[in-house]
Amino acid sequence: MPNPKIIDEMEMDFHKGNTLMDAANFYPKVRDVLLEQIQNGIDSNAENIFITIDQLKRIMKFSDDGDGVSLEKFGKALKSINMTIKARGKLGQFGKGLISPIGKCEEFTFTSAAKGSQDFHCWTFNTSQLMNTTDGIKIPYQKESALLFSRNPFKVDRTKTVVNWRTQVYMKKYTRDHTISNLNLAKLEEDILERFGIAMQKAKTVIHITIRVGKDEERKIIRATSFHGAKIPVSELETKAGGKTQFNMFIAPKKARGRQGKVLIGIRHNDFRIPFSIFARSHADLFSPDMIEALTSGVLEGEIITEKCKLHPDRRSFYENDALVDFISHIETWVANTGLVEISKVNDLSINNRYQTLGRQALLNIEMILRNDKNQALLKVLSQAKKGTVGTHHYDDTKTRVKQQEEKSLTSHFADPSTNRGNGENEKRMQNPEPNTDHPNHMPFTVTGPTGRNRTVVKGHSTGLQLSYDHMPESSHLWDFDPLICRLTFNVRHPLWVDAEKNNYVLVRIQELIAIDVLTLHTLPEEYHESVKLFLEENSWAHLDWLQQISPKKGRKKIA
């Protein structure tokens, strides 16, 4: 059918105040407003951003010493709500930050002067008046001739009020609704660094926060630092729809509370970042559980940068299109080929170090027991070893053998490659080689890990007990003892070991008990060994039950 003939046109109108409120409520909480003001400060090249919050007076002030805005530029911004007027590369992209305080406070003012000028103007936004405006919205403003900008804190001008900011947003009587206005300083710092850390580094921006509750005051200075973990080689993946995806990733440093690395998602040519944890929740249906677990494990940190994805105005997600699908596919590929490999290395090393640390604790008690005159029969088992070892960390060089340490107690082998890079004690030993000679009176007590270096075994050298840890895939036994070199190897995949390692105390004690059992076994004639070994392994379960009952109620520490 042909289109009906157009007779006339009708004008479409809308309630300006309600529409403005809807736009402002895109940022529903005071915390969102605060982050928007910080973003605007960074975008204006601020060296310092000052935030003061008085929770009793319900006042918030956001001030920065950035470029400020002129009367003309602010007028343009008022006519560009929902449309950014910022240059490419700036954090702000959606033109909503200016009005974000509306509805979260009774009134706020915006005061600013452009860089190179002392011509301050102040605009006033009153929430109730704006809500009731049906037609054209006009924002009143006035000139603030009494203000003078200076970074010099000692500058005095009796005719002016000297301020250290060019732009200030002053929220008066912000909402008492706790859900909307709740602020946690530690969480706020985390959010700021996650979102703006990269931009803060480039602009060298420092954020000064003061929160007052009556006479009590809490202050925080926030500076962004670069990633400082072990660098993973930068890699790029590229497809037609997704463009290039760059991975600037690191192994997060280990801290007192474990590794707490954060992976950030970003777009090329823009320094705004989204924490991967938030990004993944926004696109949960597109992510595999393994990828989410890997990138939120804390082991990895860094940034993943997309070329063609487009940031959603909610700043938590990207628009869902072919570019996003390819971007996520790039992440899946990198995690499978690189990320999981790096995490596995870290976890293996951490587990190995844990076994070695607890093994050394066990050896302290084992050594003390064996040195007791009453246990000479057990000590004799060690002295009857056919082969001994050169000391710890030594390389079996064909030209030079390094003599063992002169220590008379236990030593350790670490799997960490950094311990074998020619520094520290290793370097000293390699620089001072001595002839390979016998040390019949030296009885070292050592411990190695699954990927660590064993002591170099040589005929006729010092003998002593050595603890080792392995997966032992071909064995169903809990342990294996090599009397030739007195090495006791624990099967870390055995059900008893897996149960014991849930608690550090239990794991130390079970090693001590098994070591004494093993040495006792080897005081018996060899024909009894096999049957007694089976009995001892069964008896180890009773040891485990007893230890678990008497152990301190402390859980296993987090690995990696």
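Residues numbered from 1 in each chain as written. Predicted model: local features only at pLDDT ≥ 70, side-chain atom pairs only at ≥ 80, totals over all residues. Heavy atoms only, no water.

**Topic: the side chain of Ser-100**
At step 1: Within the secondary structure, Ser-100 sits in the loop between helix H3 (71–78) and strand S3 (105–112).
At step 2: Among residues more than four places away in sequence, those in contact with Ser-100 are Ala-24, Tyr-27, Val-33, Glu-36 and Gln-37. (Helix = DSSP H or I, 4+ residues; strand = E, 2+ residues; numbered from the N terminus. Contact = heavy atoms within 4.5 Å.)

**Some details on the nonpolar core**
At step 1: If you look at the biggest cluster of nonpolar residues, it comprises 76 residues, and the most contacted ones within it are Ile-192, Leu-295 and Phe-318.
At step 2: For this core, the element with the most residues is helix H9 (residues 322–371), which contributes nine residues.
At step 3: Aside from chain neighbours lying at most four places away, what touches Leu-295 is Met-249, Val-263, Phe-276, Leu-300, Ile-304, Ile-331, Trp-334 and Val-335.
At step 4: Grouped together as the second largest cluster of nonpolar side chains are 36 residues, Ala-362, Leu-370, Leu-465 and Leu-544 included. (Core = buried A, V, L, I, M, F, W, Y, C linked by side-chain atoms within 4.5 Å. Buried < 20%, exposed > 50% of the residue type's maximum accessible area, 1.4 Å probe, protein only.)

**With respect to the sheet that holds strand S5 (residues 141–143)**
At step 1: Here eight strands make up an open sheet; going across it, the order is S5-S4-S3-S8-S2-S1-S9-S10 and the pairing mixed. The two strands at the open ends of the sheet, each matched to only one other strand, are S5 and strand S10 (216–223). Averaged over neighbouring strand pairs, the angle between their axes works out to 10 degrees when direction is ignored.
At step 2: Across the sheet, helix H2 (residues 30–43) is in contact with strand S1 (48–54), strand S2 (59–64), strand S8 (167–174) and strand S9 (206–213); its angle to S1 comes to roughly 160 degrees.
At step 3: Contacting S9 and S10, helix H6 (residues 185–203) crosses the sheet at an angle of about 25 degrees to S10. (Pairing = 2+ DSSP bridges. Axes fitted to C-alpha atoms, helices over the stretch in contact; angles between N-to-C directions.)

**Thoughts on the packing of aromatic side chains**
At step 1: Counted under the stated rule, the structure contains 19 aromatic pairs.
At step 2: Seen in terms of ring centroids, Tyr-355 and Tyr-469 are 5.3 Å apart; in terms of plane orientation they differ by 35 degrees. Their pairing is tilted. With Tyr-355 in helix H9 and Tyr-469 in strand S23 (residues 466–470), this pair connects stretches of sequence that are 114 residues apart. For the pair shown, Tyr-355 and Tyr-469 are each scored as buried.
At step 3: Joined through ring pairs, the aromatic side chains of Phe-276, Phe-279, Phe-287, Phe-318 and Phe-327 make up one cluster. (Phe/Tyr/Trp six-rings, centres within 6.5 Å; stacked < 30°, edge-to-face > 60°.)

**Some remarks on helix H10 (residues 376–383)**
Because each turn of an α-helix spans 3.6 residues, side chains separated by three or four positions in sequence point in the same direction.
At step 1: Taken residue by residue, H10 has Leu-378, Leu-379, Val-381 and Leu-382 as its buried positions. The arc that holds the buried residues of H10, viewed along the axis, is 145 degrees, so those residues lie on one side. (Arc of directions from axis to C-beta.)

**Focus: the packing of H9 against helix H13 (residues 504–521)**
At step 1: Where H9 contacts H13, the axes come no closer than 9 Å and their chain directions differ by 45 degrees. Put simply, H9 runs oblique to H13. Note on packing geometry: the crossing formed by H9 with H13 is right-handed. Contacts between H9 and H13 pair Arg-354, Tyr-355, Leu-358, Gly-359, Gln-361, Ala-362, Asn-365, Ile-366, Ile-369 and Leu-370 from the former with Asn-504, Leu-507, Val-508, Arg-509, Gln-511, Glu-512, Ala-515, Ile-516 and Leu-519 from the latter.
At step 2: Considered class by class, the residues forming the contact of H9 with H13 number eleven nonpolar, five polar and three charged. (Parallel < 35°, antiparallel > 145°, perpendicular 65-115°, else oblique. Left-handed = near helix turned anticlockwise from the far one by under 90°. Nonpolar A, V, L, I, M, F, W, Y, C, P; charged D, E, K, R; others polar.)

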